[in-house]
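Chain by chain, the residues:
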Amino acid sequence: MLEEYKNLNERNHTPQDIQNALKNLGLDLKDFKGKVLDIGAGDVEILDYLNKNTEADIVGIDIHVPEELKDKLINADVRELPFPDNTFDVSFSHASIPNVFIGEYSFENPKVGEGNIYNSTKKALSEIFRTLKFGGTAYLAPISMSELYDSEKAQKNSLEKVINELRLENKDIQIDLNFIETKTDEYNNETRDYYRLVIYKIPDVKNQKP
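From a predicted model like this one, the values you see are computed outputs, not experimental measurements.

Q: How should the overall build of the protein chain be read in this particular structure?
A: Along the backbone of the protein chain there are four helices and seven strands. Shown N-terminal to C-terminal, the secondary structure of the protein chain runs as helices and strands in the order α-β-α-β-β-β-α-β-α-β-β. Rg of the C-alpha trace for the protein chain: 18 Å, near the compact-globule value of 17 Å for 210 residues, within the 12% margin. For the C-alpha atoms alone, the extent of the protein chain along its principal axes is close to 50 × 50 × 35 Å. Looking at the protein chain as a whole, 46% of its 210 residues qualify as buried. Look at the contacts in the protein chain between residues 6 or more apart in sequence, and 64% of them connect residues 24 or more apart. Accessible area of the protein chain: about 11,800 Å², with a carbon and sulfur share of 47%.

Here it is as structure tokens:
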């Protein structure tokens, strides 16, 4: 876990928002090694910091890439990653994976909406798992598990269903969904629980070279 610091100097000048992001992910700088995928890199704040402070080979992707960031990011959808199998030692996404749910729910036809959310979630997690190396780990956080609205219930149910299916379909997968914190929205006073999803690709011992 990321260490708590008293001031910026002790934190090696880590901006507070980056420290919070790494804490949500359950990662420290020493965990970024080898080939790393930053999913939903956005404004590349985390990506730039990791490039400056680690020796990892970091690739950033986002579904929307502004012109000024085209030299830093690959325009790609997590549901269809443009990478070969077994590419990354570490994959992570801070506050981006929930975006695969956006626009997928249909209030006019809830069953169709639930199906869309399920398909979107299954594609995203399957692609993340596919592109992990054996022995690699993906960290995704924070993920809301709220049931305040029908759309949120559909998201929660889809995520839980996909996790169970991936466990059954892949003998070399370990998935943990761990509680992080409860937050109350200051504007509408609604409370949600947030979790960290960790996907580990168990080493293929039989096919490993001596």
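And the narrative resumes.
Q: I'm lost on the pattern of salt bridges in this one. Help?
A: Pairs can form between side chains of opposite charge once their charged atoms are near each other. Here the structure, examined in full by the defined rule, presents 16 salt bridges. Here Asp85 and Arg130 are joined by a salt bridge, their closest N and O atoms 2.8 Å apart. With Asp85 in the loop between strand E3 (73-75) and strand E4 (88-94) and Arg130 in helix H3 (residues 110-131), this residue pair connects regions lying 45 residues apart in the sequence. Note on Arg130: relative accessible area 22%, which makes it partly exposed. The partner of Glu169 in a salt bridge is Lys122, and the shortest N-O contact between them spans 3.1 Å. Of this pair, Glu169 sits in helix H4 (residues 150-169) while Lys122 sits in helix H3, and the two are 47 residues apart along the sequence. Salt bridges linked by common partners bring Asp77, Arg79 and Glu104 together as one network.

Q: Mind showing me how you'd approach the pairing of strand E7 (residues 191-201) here?
A: Remark: a regular strand shows side chains that alternate across the two faces of the sheet. Examined bridge by bridge, strand E5 (residues 132-144) and E7 share six bridges and lie antiparallel to one another. For Leu140, the partnering residue across the bridge sits in E7 and is Leu197. Hairpin connection between strand E6 (residues 173-184) and E7: a loop of six residues separates the two successive antiparallel strands, and Asn189 in this loop has a positive phi of roughly 60°.

Q: Honestly, the layout of surface pockets in this entry has me stumped. Any pointers?
A: Empty space among the atoms can be located by rolling a probe the size of a water molecule over them. Its boundaries defined by the atoms lining it, the largest pocket holds a volume of some 300 Å³. Taken together, 16 residues form the lining of the largest pocket, with Asp62, Ile63, Ser96, Asn99 and Val100 sitting closest to its centre. Looking at side-chain class alone, the lining of the largest pocket contains eight nonpolar, four polar and four charged residues. In this structure, the second largest pocket is lined by Asn24, His94, Ala95, Pro98, Phe101, Pro142, Ile143, Ser144, Glu152, Gln155, Lys183 and Tyr194. Where the lining of the second largest pocket is concerned, the elements lending two or more residues are E5 and H4. Looking at the lining of the second largest pocket, the element that brings in the most residues is E5, giving three residues.

Q: Looking at this structure, how should I read the pairing of strand E2 (residues 57-62)?
A: Counting buried positions along E2 gives five out of six residues, so the element sits mostly inside the fold. Here strand E1 (residues 35-39) runs beside E2; their pairing, made up of five bridges, is parallel. Across the sheet, the residue bridging to Leu37 is Val59, located in E2. Regarding topology, helix H2 (residues 45-53) serves as the crossover connection from E1 to the parallel E2, and that connection is right-handed. Taken together, the three bridges between E2 and E3 define a ladder with parallel strand orientation. Paired with Asp62 across the two strands is Asn75, which belongs to E3.

Thresholds applied
Residues numbered from 1 in each chain as written. Predicted model: local features only at pLDDT ≥ 70, side-chain atom pairs only at ≥ 80, totals over all residues. Heavy atoms only, no water. Helix = DSSP H or I, 4+ residues; strand = E, 2+ residues; numbered from the N terminus. Rg over C-alpha atoms; globule rule 2.2 N^0.38 Å. Buried < 20%, exposed > 50% of the residue type's maximum accessible area, 1.4 Å probe, protein only. Contact = heavy atoms within 4.5 Å. Areas by Shrake-Rupley, 256 points an atom, 1.4 Å probe, with all protein chains shown as cover. Salt bridge = Lys/Arg side-chain N within 4 Å of Asp/Glu carboxyl O. Pairing = 2+ DSSP bridges. 1 Å grid on protein atoms, 1.4 Å probe; cavity = no way out; pocket = protein on both sides within 12 Å on 5 of 7 lines; lining within 4 Å. Points joined across faces, edges and corners; volume = space filled by probe spheres on them. Nonpolar A, V, L, I, M, F, W, Y, C, P; charged D, E, K, R; others polar. Right-handed = clockwise from strand over helix to strand, strands pointing away.

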